[in-house]
Amino acid sequence: MSVPTSQQQQQMLAQYAQQHQYQQQQQHQQQQQQPSLNKRPSETVLPQQPKPKKRLPPLPALLSIPESKMYADLVEMEQKLDWTITRKKVEVQDAVGRPVKVKRTIRVYLSNTSSFQTPPPPPAGESDVPGPEAGAIPSWALKIEGRLLDSGNPRLDKSSKRKFSTFLKSMVVELDRSDPSVQPGPNIIEWNKHTSSPAQDGFTIMRNGSNNIPIRIIMHLDHQPARYKVVGEFATVLDVKEETRVGILAALWSYIKINNLQDKDDRKKINADAKLRRIFGHDSLPIHYLPEVINRWIALPDPVVIRYTIRTDVERHVHPKVYDFEVEMDDPYKSRINTALQAFSEEGGKEIVGLDEEISNLAIALRNSRTKRDFLQSFASDPSAFIHKWLDSQARDLSLALGGEVNGVAGTGLAPEDLRRSEVFRLPWAEEATIISEGARAVEALQKGGR
């Protein structure tokens, strides 16, 4: 690969100029946060150098190493890929956060059995039919059973094995008894689901009695999240009969946006049209009052009502009809998306972080190698000038670290005449700085030897 062209070098120069400007601003802020001059130099804490945010070698390496252009292209491609992955990940998380429901059908079966009932009189010319045993009490048993029908989709049918009671919040059975004195017992039987209630496929109600009894079964479904019925004119305006609170609010907001009812000057106010004026009761309404308006126009959804007659004149009676009603269930595919998303975040994320750390270490090593090369090359070309230049640079760095003042310029550190005096380097801070410097050099040597 050829060395980057002049146009490419100018682009790299502009990129690194922006980075250098940002670093200067950070250094200026760090200088303002340094301790005052009243503290001894040994008490001054030097800020740690952060790792470079952009995993790029220094500018001279990019301009002279042929492969650096390829590396810069890879970094740019990686940034675009990271942005795409992050955007897709946010979209998936948003999709997973939204409730995804599928409609299924519940089928209810009704039947009853009777015991120890008095048989009807036999026809003329036939022998008597034996009656119940002495002391036996006529009774009956009602069975209410439900089953989730198969949808025809193996993916849904395999993961949805819920029992009938899990779809109900409560159930009420009303008995229409003509003579309560003959058939004692409560006329209303109620069941409510609790957190500790075991899931079951049906219910059995047993009572004493010998007469046919019309009953009414009222089942309140357990919607997750809770659903509500939109009543009155509000249902006509939104064209929504039953929905969750969030869904009703979204339908109302969609109506407001479509009809451009949001005030142009005050975006927090809704101007009602002829239809919404009857709903709001005002010509305009603040936007934060919309949930309160919704509460006035919603009610609990209608229950499922089934009528049945308990027959005691036969030993077993099965209702000739079955009753179907729709329920909403969470899409089982949603759990698979959660699993895949979590696996990607854990396994793929760790691998990416490890590779980023490795690239960062290689970039730092390349930068250090380039710095050493420039140092030795400058020293070899002109040792005397290099030594003077290097001492001046070290003096400036020391002055900036100490936050001193030279020639009336704030923040430049020690004066040149102080650096020429040996007493300055016999102060306590000089010994401490030497120990720290030699320790850092020893650690770097050990790290290199361990590679």
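Residues numbered from 1 in each chain as written. Predicted model: local features only at pLDDT ≥ 70, side-chain atom pairs only at ≥ 80, totals over all residues. Heavy atoms only, no water.

Overview of unusual backbone geometry
Selection rule: A run of H or I in DSSP counts as a helix once it spans at least four residues, and a run of E counts as a strand once it spans at least two, with each numbered from the N terminus. Exposed residues in this analysis have more than 50% of their type's maximum accessible area, buried residues have under 20%, and partly exposed residues fall in between, with area computed by a 1.4 Å probe over protein chains only.
The residue after Q224, namely P225, is reached through a cis peptide bond having omega -5 degrees. Within the element layout of this structure, P225 appears in the loop between strand 6 (213–221) and strand 7 (227–230). Although it is not a glycine, D239 sits at a positive phi angle of roughly 60 degrees. Mapping D239 onto the fold places it in the loop between helix 5 (232–238) and strand 8 (242–244). D239 gets classed as exposed once you look at its relative accessible area, which sits at 69%. Of note, the phi angle at N260 is positive, near 55 degrees, even though the residue is not glycine.

A word on the sheet that holds strand 3 (residues 168–175)
Where we set the bar: Any two strands with at least two DSSP bridges between them are considered paired. Axis angles are defined between N-to-C directions and span 0 to 180 degrees, where every axis is a line fitted to C-alpha atoms and, for a helix, only to the segment in contact.
Read across the sheet, four strands follow the order 4-3-6-12 without closing on themselves; strand pairing throughout is antiparallel. Either end of the sheet is taken by a strand with one partner, and the two such strands are strand 4 (188–192) and strand 12 (304–310). The mean inter-strand angle of the sheet, taken between neighbouring strand axes irrespective of direction, is 15 degrees.

So, the packing of aromatic side chains
Put simply, the test is: Here is the rule: rings of Phe, Tyr and Trp (six-membered ring for Trp) pair when centre to centre is within 6.5 Å. Planes less than 30 degrees apart are stacked, more than 60 are edge-to-face, and the remainder are tilted. Only when the NZ atom of a Lys or the CZ atom of an Arg is both within 6 Å of the ring centre and within 35 degrees of the ring normal do we say a charge sits over the ring.
Summed over the entire model, instances satisfying the criterion amount to five aromatic pairs. Ring-pair connections join several aromatic residues into one group, and the members of that group are F164, W191 and F203. Seen from the ring of Y228, R245 lies directly overhead, with NZ or CZ sitting 4.7 Å from the centre.

Quick look at the sheet that holds strand 7
Taken together, the three strands give an open sheet; going across it, the order is 8-7-11, and neighbouring strands pair in antiparallel fashion. Each of the sheet's edge strands pairs with one partner strand only, and the pair in question is strand 8 and strand 11 (298–299). As defined by bridge partners, strand 7 adjoins strand 11 across two bridges and the pair is classed as antiparallel. Residue pairing for strand 11: K229 is matched across the bridge by A299.

Things to note about the environment of I205
Note the threshold: Should any heavy atoms of two residues lie within 4.5 Å, those residues are considered in contact.
Of note, I205 is situated in strand 5 (residues 202–208). Each C-alpha atom of the pair I205 and L142 lies 5.0 Å from the other, and the pair is 63 residues apart in sequence. With residues up to four places along the chain from it excluded, the contact list for I205 reads W140, A141, L142, V173 and I189.

Things to note about the pattern of salt bridges
Side chains carrying opposite charge are able to pair once their charged atoms draw close together. Condition: The salt bridge definition used is simple: a Lys or Arg side-chain nitrogen within 4 Å of an Asp or Glu carboxyl oxygen.
If you walk through the whole model with that rule in mind, you get 15 salt bridges. Across the salt bridge formed by E76 and K80, the nearest N and O atoms sit 4.0 Å from each other. Note that E76 and K80 are positioned in helix 3 (residues 68–97) at a spacing of four residues, about one turn of the helix.

What to know about the side chain of T244
What counts, and what does not: Definition of a polar contact: a pair of N or O atoms within 3.5 Å, with one able to donate and the other able to accept a hydrogen when the atoms are protein atoms, and with sequence-neighbouring residues admitted only if both atoms are side-chain atoms.
Within the secondary structure, T244 sits in strand 8. Owing to a relative accessible area of 14%, T244 belongs among the buried residues under this scheme. A distance of 3.1 Å separates a polar side-chain atom of T244 from the backbone nitrogen of G247. Those residues in contact with T244 that lie beyond four places of it in its chain are P225, A226 and R227.

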